[in-house]
Amino acid sequence: MRKPERPHEHCCCRATRQATGSRWKEVTSERIMSPAATDATESKPPDGGWGWMVVVGAHISIGFAYSTPKALSIFFKDIQDDLGASYSEIAWISSIMLAVMYAGGPVSGVLVKRFGSRPIVIVGGLMCGVSMVTASFGRSIVYLYLSIGIIGGCGLCFNLNASLTIISKYFLSKRPLANGLAMAGSPVFLCFLAPLNQFLLGDFGWRGSLLILGGMMLNCCVAGALMRPLTLSCNPSTVAALKNMETTTKRNMSKKGRCLTNARKFLDFSFFKDRGFIIYLMGNTMYIFGAYAPIVFLSAYAVSQGVEEYSAAYLLSIMGFVDMFVRPGTGLIANSKWIRPRIQYFFGFAMIFNGACHLLCPMMTSYAFLVAYAVFFGVGFGMVFALIFECLMDLMGNQRFPSAVGLVTIIECFPMLLGPPTAGLLVDLYGDYKYLFYMCGAVIMSGGLFLIIMNIYHYHMLEKEKAEHNGAQRSPETGNQDGVSLSEAQREPTEAESAPMNRDPQDPSTDDTGPDITDHF
């Protein structure tokens, strides 16, 4: 005899199908011109409180991550004379450090998922301090490659990825402002470290300076201690259901399946099926290719125009000073209710503005005009880097962001390494710096135009897919009694399975049919 269904079981099943059936509507409505919604397993981020202390810690760790490879160039001349290295050999120190910092993104993303941001940033700070202290005893250039380039690059990688990830967990509506304040650490620390390193070099030499710098970088451990894990309130029955499902999945999964799952956590290529991610990655890669060469050659270009070396060096200080204020300002603008839903377009505009500055630079022949170029360069550079990770968070959401940023950074290391050498090759071939500015400006402007045009197409296709899905859902041939289609379940299998278990059908605050997230802004 068939056992009758219990009333509460029937209600749960129907709530499950209703949550699953509304998932496609939720995803398309929230991702069209709006920030990525938090996952169903998460509570709403606090958007403040201790999160601002987390921003302070991220400001410190990100500041060291981006400024250290640039500030170390002050020691290169003395290291070159002491170790008898050539210009090309000495330049590989910063190149290896940057490449490791970006290429280690997937490893850092996996470790952050496993252990959290706080221990990873603390370990990264220890690695940075150890790398500088051991480098101060170096007797060969290869030793510096290993100590500064490999060990130091890994430490900076841990600091960068973990800091960006924990900000995405503490903030949602105020996330652009939080990211802008955290990313402002790069120009602040560059303006601070550059003159400090010059002072230390004069008094203690490059070995003593690296020893002191290593002690300073241990402050990243203090920054990591500020990154307290976010405790989310969850229904006990929900937690038990999730643990039960995870245990059952592990028991049923074969050894090969577990290997594939672990590999996917390390480097998830499923992001390449996301149209928005592909658009972002292509535009971002074009920008990174042309972003750093103007910084490297700006002082040399000013000297070639008859500017004194001391005055030419101040151009980078002016750029960094402007960048310092532009990043948090951009975060405030991006957090407004007019810009936040259109943040991808704002990112494309910032790239176009930056590229236009480089195209106009060869026309600046006097020092006054070069100062103006440095100011506008700082504005454009600060705008882009205040938005570059926020736009990725907007597309991927909190849960997918750590894996996504790891994949993006490992791809970015290639254009970052190729951009400055390509620009230097143009100078060698033509004997003039203006061609490198033309190349960088054209590539960056092309990337910005690509982002704007392709995002228009992307959002149009999302609207079209939403309309087609709604039409198919109303059709009796493709729907069932609860309006759930097979293609829908296949499109979002993971989120559809986890959504019903994390919602109380009697709680209206967890209803999928509630107001869109943009209503809060």
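Residues numbered from 1 in each chain as written. Predicted model: local features only at pLDDT ≥ 70, side-chain atom pairs only at ≥ 80, totals over all residues. Heavy atoms only, no water.

Condition: UniProt positions are given in the numbering used here, feature names are shortened, and annotations may be inferred rather than shown by experiment.
The name an unreviewed UniProt entry assigns to the chain is Major facilitator superfamily (MFS) profile domain-containing protein, from the organism Oryzias sinensis. Word for word, the UniProt comment on the chain under Sequence similarities (unreviewed entry) is "Belongs to the major facilitator superfamily. Monocarboxylate porter (TC 2.A.1.13) family." The Subcellular location (unreviewed entry) field of the UniProt record for the chain holds the comment "Basolateral cell membrane".

Description of the overall build of the chain
Heads up, the condition is: Strands are runs of DSSP state E lasting at least two residues, helices are runs of H or I lasting at least four, and both sets are numbered from the N terminus onward. Burial classes follow relative accessibility: with a 1.4 Å probe on protein chains only, a residue under 20% of its type's maximum area counts as buried, one over 50% as exposed, and anything between as partly exposed. Any two residues whose heavy atoms approach within 4.5 Å are treated as being in contact. Here the accessible surface of atoms and residues is derived via Shrake-Rupley with a 1.4 Å probe, and residues count as covered only by protein chains that are part of the display.
When helices and strands are tallied, the chain shows 21 helices and zero strands. Across the 521 residues in the chain, those meeting the buried criterion constitute 49%. Expressed as a percentage of contacts within the chain between residues at least 6 apart in sequence, the contacts between residues at least 24 apart total 86%. Accessible surface, the chain: about 24,000 Å² in total, of which carbon and sulfur atoms supply 65%.

Let's talk about the packing of helix α14 (residues 275-291) against helix α18 (residues 367-430)
The description of two packed helices rests on the angle between their axes and on the distance between the axes. Condition: Angles run from 0 to 180 degrees between N-to-C directions of axes, and those axes are lines fitted to C-alpha atoms, restricted for helices to the stretch in contact. Angle categories are assigned with fixed cut-offs, so that under 35 degrees is roughly parallel, over 145 is roughly antiparallel, 65 to 115 is roughly perpendicular, and the rest are oblique.
Where α14 contacts α18, the two axes come as close as 3 Å, and the packing angle between them is 25°. The angle between α14 and α18 places the two elements in the roughly parallel class.

What about the packing of aromatic side chains?
In this description, an aromatic ring pair is defined by two values, namely the gap between the centres and the angle between the planes. Applied cut-off: Between the rings of Phe, Tyr and Trp (Trp by its six-membered ring), a pair exists once the centres lie within 6.5 Å; its type follows the angle of the planes, with under 30 degrees stacked, over 60 edge-to-face, and the other angles tilted. Here, a charge over a ring is recorded when the distance from Lys NZ or Arg CZ to the ring centre is within 6 Å and its angle to the ring normal is within 35 degrees.
Under the counting rule described, the total for this entry stands at 20 aromatic pairs. Plain terms: the ring middles of Y301 and Y433 are 6.3 Å apart, the flat faces sit at 70° to each other, and that makes the pair edge-to-face. Highlighted residues: Y301 in helix α15 (residues 293-304) and Y433 in the loop between α18 and α19 (434-474), separated in sequence by 132 residues. A residue is classified by how much of its surface remains accessible, and Y301, at 1% relative accessible area, is buried. Taken together, the aromatic side chains of Y66, Y287, Y292, Y301, Y373, F377, F381, F385, Y433 and F437 make up a single cluster linked through ring pairs. When the ring centre of F115 is taken as reference, the NZ or CZ atom of R114 above it lies at 5.0 Å. The cationic tip of R228 hangs over the ring face of W50; the distance from NZ or CZ to the ring centre is 4.4 Å.

Examining helix α3 (residues 51-71)
Quick reminder of the rule: In this scheme, a helix's expected span is set at 1.5 Å multiplied by one less than its residue total. Two axes enter the bend calculation: one fitted to the seven residues ending at the residue in question, the other to the seven starting there, and the bend is the angle between them.
Between its terminal C-alpha atoms α3 stretches 29 Å, which fits the 30 Å expected from 21 residues at 1.5 Å a residue. The principal kink in α3, of about 25°, is found at A65, preceding the proline P69 by one to four residues.

Details of the environment of R207
Cut-off, in case you're wondering: Polar contacts, as used here, are pairs of N or O atoms within 3.5 Å; protein pairs need one atom able to donate a hydrogen and one able to accept it. Residues neighboring in sequence count only if both atoms are side-chain atoms.
Checked against the element boundaries, R207 lands in helix α10 (residues 185-217). Owing to a relative accessible area of 21%, R207 belongs among the partly exposed residues under this scheme. Here the alpha-carbon distance between R207 and M132, two residues 75 residues apart in the chain, equals 9.2 Å. If we ignore the near neighbours within four places in the chain, the residues touching R207 are D82, L83, S136, F137, G138 and R139. Of note is the side chain of R207, whose polar atom sits 3.4 Å from the side chain of D82.

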